[in-house]
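# Tertiary structure, described
Below are the chains, spelled out letter by letter.
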Amino acid sequence: MKQTAKNPAPPLNHWQKPHVIIGSLVIILLGAYILIETTLTQGVLYILGIALGFTLFHARFGFTSAFRRLMSVGNVEGIQAHMIMLAVASTIFAIIFATGFTLTGSSPSGNVSPVGVSLIVGSFIFGIGMQLGGGCASGTLYHVGSGQSPTVITLIGFIAGSVVGAYHWGFWMNDMPSFQPFSLAESTNLGYFGAWAVQIVLFAIIYWVTVKIAKRKKPPMIKTLPTEHGWKRIFRGSWPLITAAVVLAVLNGLVLIVRGSPWGITSAFALWGSKIVSAFGIDVSSWTYWSGDRSASLTSSVFTDSTSVMNFGIILGAFIASSSGGLFKPKKIKPGVALASLIGGLMMGYGARLAFGCNIGAYFSGIASFSLHGWIWAIMALLGTFVALFLRPLFGMRNPNKNDSFC
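The sections below set out a description of the structure shown in this document.

### Side note on the overall build of the protein
Secondary structure summary: the protein contains 16 helices and two strands in total. The principal-axis extents of the C-alpha atoms in the protein amount to approximately 60 × 50 × 45 Å. Here the protein holds 26 positive side-chain charges and 9 negative ones, and the gap between their average locations is 21 Å.

The structure is reproduced here in structure tokens:
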């Protein structure tokens with residue numbers, strides 16, 4: 001949103017220099033450890049994670065808030081940014097998939113997953129959970145990094161729910177109806193160029209519909225955030241949503257090139273939680289979820305897991321970004337919000353396992369990979385968001401109102 005004289009952005013706080021110094025030291029030391037103990041690839045992915053966290057915080061780039069604003073008051077700014085992000089990412093992904101270019105030496109693989117009952121149920125549950133938990137998967141990580149206290153509880157619930165989802169994985173995969181993964185590029189005769197063209201048209205149609213919605217509903221706009229001007233804006237203050245959308249798309253493309261698969265988040269939560277419960281004597285290796293290729297990660301360091309390394313980077317990137325603007329200020333947690341955060345985290349963790357990913361792995365990377373499951377995930381998460389609008393007030397959480405000046 002443009003700043004105007006009528007609605008100037010509030011001033012930025014002073015740099016939190018001790019936080020920035022400590023955060024920078026942690027980033028350097030952890031990066032050195034990753035490079036020494038693992039591989040250069042892991043180190044690069046760690047840096048990309050930091051860049052993702054930095055970007056997410058500076059634009060307050062929301063998936064949860066974008067869905068909530070759309071369903072509650074018809075604000076479409078976030079969804080429009082999503083369409084730009086998905087269009088750029090689809091373009092980059094199409095080129096990478098068509099050329100087969102990666103730094104791994106093997107062909108790139110997209111996030112293309114089955115369409116079935118587990119996807120429908122999981123994404124619907126996730127949609128409710130992210131509205132109660134105060135953030136999606138990416139939102140939870142960057143909120144934790146920027147000092148938003150309730151999301152620490154959300155993350156704990158997220159990890160716990162992921163473990164339960166991994167435990168129930170066999171039931172949902174083997175006993176519930178499901179179709180084979182469907183790629184708009186590979187499951188049809190369209191190819192990557194044809195699939196790209198179809199998706200660009202879909203993004204354009206959705207964008208056009210959002211313009212019509214905004215004209216009809218005249219919703220409150222997103223509140224202007226404090227910012228610097230010129231080159232200082234890169235490090236302090238807010239970024240335009242569209243700028244962040246393009247940056248996130250490019251970074252996701254770089255992740256695909258570096259590791260051969262797109263950005264994801266929640267598989268790491270299942271790994272962390274499973275390692276924790278296995279330390280208490282529970283044989284998680286016997287679960288269907290941990291059979292096959294996944295089994296090796298149970299006995300390996302989390303720093304060898306690329307998704308975990310990126311998640312650590314996202315938290316640290318958001319910490320540096322928030323501290324640079326003087327905005328790292330943990331606050332007391334209200335009991336109702338704490339309960340909602342825990343329930344929301346549990347629902348997101350469980351839902352993400354069933355739905356083959358979250359707002360990043362299924363929605364962002366899934367659609368950019370031309371997977372049908374990404375589109376279905378988005379529809380069901382929107383429906384879950386609608387239901388959650390009636391649940392949030394029960395926990396003392398406010399929804400945007402059409403009479404608000406900003407949302």
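### Here's the deal with the side chain of Thr154
Inspection of the secondary structure assignment puts Thr154 in helix 7 (residues 150-167). Residue Thr154 is classed as buried on the basis of its relative accessible area of 0%. The contact partners of Thr154, leaving out residues within four places of it in the chain, are Gly133, Thr140, Ser341, Gly345 and Met348.

### Observations regarding the side chain of Thr38
On the secondary structure map, Thr38 appears in the loop between helix 1 (17-37) and helix 2 (40-59). A polar atom in the side chain of Thr38 sits 2.3 Å from the backbone oxygen of Ile34. The residues touching Thr38, leaving out its near neighbours within four places in the chain, are Tyr33, Phe303 and Thr304.

### Some remarks on the packing of helix 4 (residues 77-99) against helix 10 (residues 241-259)
Closest axis-to-axis distance for the helix 4/helix 10 pair is 8 Å, and the angle between their directions is 30°. Judged by the angle between their axes, helix 4 and helix 10 are roughly parallel. The handedness of the crossing between helix 4 and helix 10 is right-handed. Of helix 10, the residues touching helix 4 (which contributes Glu77, Gly78, Ala81, Ile84, Met85, Val88, Ala89, Ile92, Phe93, Ile96 and Phe97) are Leu241, Ile242, Ala245, Val246, Leu248, Ala249, Val250, Asn252, Gly253, Leu256 and Ile257. For the contact of helix 4 with helix 10, the per-class residue count stands at 18 nonpolar, three polar and one charged.

### Digging into the packing of aromatic side chains
In the structure shown here, the tally under the stated rule is 25 aromatic pairs. Among the aromatic residues, those joined into a cluster by ring pairs are Tyr33, Phe61, Phe63, Phe67, Phe126, Phe158, Phe269, Trp272, Phe303, Phe312, Tyr363 and Trp377. The aromatic ring of Trp169 is capped on one face by Arg294, whose charged end is 5.1 Å from the ring centroid. Lying over the aromatic face of Tyr289, Arg294 brings its terminal NZ or CZ to 4.0 Å of the ring centre.

### Topic: the nonpolar core
Of all hydrophobic cores here, the largest spans 100 residues; its most connected members are Phe61 and Trp263. Sorting elements by how many residues they give to this core places helix 4 first, with 11 residues. Setting aside residues no more than four positions away along its own chain, Phe61 makes contact with Leu56, Ala81, His82, Met85, Tyr142, Leu241, Ala244, Ala245 and Leu248. Counting seven residues, the second largest nonpolar core, distinct from the first, contains Ile128, Leu132, Ala388 and Met397.

### Examining the environment of Leu383
Tracing the chain through its elements places Leu383 in helix 16 (residues 372-391). Take Leu383: its relative accessible area is 42%, and that puts it in the partly exposed class. Residues Leu383 and Gly127, spaced 256 residues apart in sequence, show a C-alpha to C-alpha distance of 7.1 Å.

### Describing the environment of Gly326
Of note, Gly326 is situated in the loop between helix 13 (306-324) and helix 14 (335-354). Spatially, the C-alpha atoms of Gly326 and Asn13 are 4.8 Å apart, while their sequence positions differ by 313 residues. Apart from residues no more than four positions distant in its own chain, Gly326 is found in contact with Asn13, His14 and Gln16.

### Thoughts on helix 4
The first and last C-alpha atoms of helix 4 sit 34 Å apart over 23 residues, in line with the 33 Å expected at 1.5 Å per residue. Taken from the residues just after helix 4, Gly100 is the one with a positive phi, measuring 70°.

### Digging into unusual backbone geometry
In the Ramachandran plot, Arg60 falls in the positive-phi region, its phi being about 45° despite a non-glycine side chain. Taking the relative accessible area as the measure of exposure, Arg60 reaches 23% and is therefore partly exposed. Even without glycine at this site, Lys218 takes up a positive phi of about 45°. Note on placement: Lys218 falls in the loop between helix 9 (191-217) and helix 10.

About the cut-offs
Residues numbered from 1 in each chain as written. Predicted model: local features only at pLDDT ≥ 70, side-chain atom pairs only at ≥ 80, totals over all residues. Heavy atoms only, no water. Helix = DSSP H or I, 4+ residues; strand = E, 2+ residues; numbered from the N terminus. Lys, Arg positive; Asp, Glu negative; His and termini not counted. Charge placed at Lys NZ, Arg CZ, Asp CG, Glu CD. Buried < 20%, exposed > 50% of the residue type's maximum accessible area, 1.4 Å probe, protein only. Contact = heavy atoms within 4.5 Å. Polar contact = N/O pair within 3.5 Å; in protein donor to acceptor, adjacent residues only side chain to side chain. Axes fitted to C-alpha atoms, helices over the stretch in contact; angles between N-to-C directions. Parallel < 35°, antiparallel > 145°, perpendicular 65-115°, else oblique. Left-handed = near helix turned anticlockwise from the far one by under 90°. Nonpolar A, V, L, I, M, F, W, Y, C, P; charged D, E, K, R; others polar. Phe/Tyr/Trp six-rings, centres within 6.5 Å; stacked < 30°, edge-to-face > 60°. Lys NZ or Arg CZ within 6 Å of the ring centre and 35° of its normal. Core = buried A, V, L, I, M, F, W, Y, C linked by side-chain atoms within 4.5 Å. Expected span 1.5 Å × (residues − 1).

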